[in-house]
Amino acid sequence: MTDRLKALLVHLLTATGAVLAMLAMLAAADGKWHVMFLWLVVALIVDGVDGPLARRYHVKHNWPTYDGVLLDLIIDYLTYVFIPAFALFQQGLLPGWTGWCAIIVITYASALYFVDTRMKTKDNSFAGFPACWNMVVLVLFALNPNFYVMLAIILVLAGTMFTNLKFIHPVRTERWRPLSLTVALAWIAFAWWAASVDFHPESWAKWGLVATSLYLVLAGIVQELLPERA
């Protein structure tokens, strides 16, 4: 198999995210939230795999006809932002004005974040919360806290998108990468477990989601507070 064909196959893999987004949206339209999240978890896995493959097979050089970065951003906005925001509003977790506030903040702030050229830090982490609302909303579905708590979480995370607070990329941030990758894989397993049992309130998956989510949210900030020794 030639390098050009390998690069094309990576682009085609990335594009499957659009199909997964549609399947998730159809499930959401039917109110099948657990099915929607299962499709979004699959999309998250594809998104985690295609980046390393794109760098390995030098897709910009071997298949420059397709803009892999643009393709990835389009799909990420659908699967990370738009569909989770729709689910949060449509399911009714945030009633009345709180629901409207949440979806406006999520979609508007994320659109600006996705086009911010300062999104990435020197160590391939993110400057500000990287609009992973798919993960946030899944945890909210699993925990179902008070709606004011949900709104506060959303507003705080959205606010950090316009700061220099560091959030790790589990695959690309080199510092603590083995641990970060392990935690990210554990988060995916807990997310799949929670969604597969339709977010049953007695499932232990929600506590695994809490623990792994706290690490993924706070690890980058802790790294900033504890700089590496020379």
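How each quantity is defined
- Residues numbered from 1 in each chain as written.
- Predicted model: local features only at pLDDT ≥ 70, side-chain atom pairs only at ≥ 80, totals over all residues.
- Heavy atoms only, no water.
- Helix = DSSP H or I, 4+ residues; strand = E, 2+ residues; numbered from the N terminus.
- Rg over C-alpha atoms; globule rule 2.2 N^0.38 Å.
- Buried < 20%, exposed > 50% of the residue type's maximum accessible area, 1.4 Å probe, protein only.
- Phe/Tyr/Trp six-rings, centres within 6.5 Å; stacked < 30°, edge-to-face > 60°.
- Core = buried A, V, L, I, M, F, W, Y, C linked by side-chain atoms within 4.5 Å.
- Contact = heavy atoms within 4.5 Å.

Turning our eyes to something else, we now look at the overall build of the protein chain. Summing up its helical and strand segments, the protein chain has nine helices and two strands in all. Listing every helix and strand of the protein chain by position from the N terminus yields α-α-α-α-α-β-α-α-β-α-α. Here the C-alpha radius of gyration of the protein chain, 18 Å, is about what a compact globule of 230 residues would show, namely 17 Å. Each principal axis of the C-alpha distribution contributes one length, and for the protein chain these read about 50 × 45 × 35 Å.

In this structure, N124 takes a positive phi of about 65° despite not being glycine. Mapped onto the elements of the fold, N124 is located in the loop between α5 (96–114) and β1 (126–127). Here N124 falls in the partly exposed class, since its relative accessible area comes to 26%. For D198, which is not glycine, the phi torsion reads 55° and is therefore positive. By the element assignment, D198 lies in the loop between α8 (177–196) and α9 (205–225).

This part takes up the packing of aromatic side chains. We describe a pair of aromatic rings using the distance from one ring centre to the other and the angle between the two ring planes. The final tally for this structure, using the stated rule, is eleven aromatic pairs. Aromatic pair F190 and W193: ring centres 6.3 Å apart, planes at 25°, arrangement stacked. A residue pair is termed a helical-turn pair when its members lie 3 or 4 positions apart in one helix, as F190 and W193 do in helix α8 at three residues. Overall, the relative accessible area of 24% leaves F190 in the partly exposed class. Of the residues examined, W193 reaches a relative accessible area of 37% and is grouped as partly exposed. Ring-pair connections join several aromatic residues into one group, and the members of that group are W33, F37, F141 and F199.

By size, the foremost hydrophobic cluster in this structure holds 59 residues, and its most contacted members are M36, F37, L88, W133 and W187. Those elements that provide at least two residues to this core are α1 (3–29), α2 (33–56), α4 (68–91), α5, α6 (133–143), α7 (147–160), α8 and α9. Those residues within four positions of W187 in sequence are excluded, and the remaining contacts are L44, M135, L138, V139, L209, T212, S213 and L216. Counting residues in hydrophobic clusters, the runner-up holds six residues, among them L8, V10, A54 and W63.

By themselves, these are just geometric observations and shouldn't be taken as functional.
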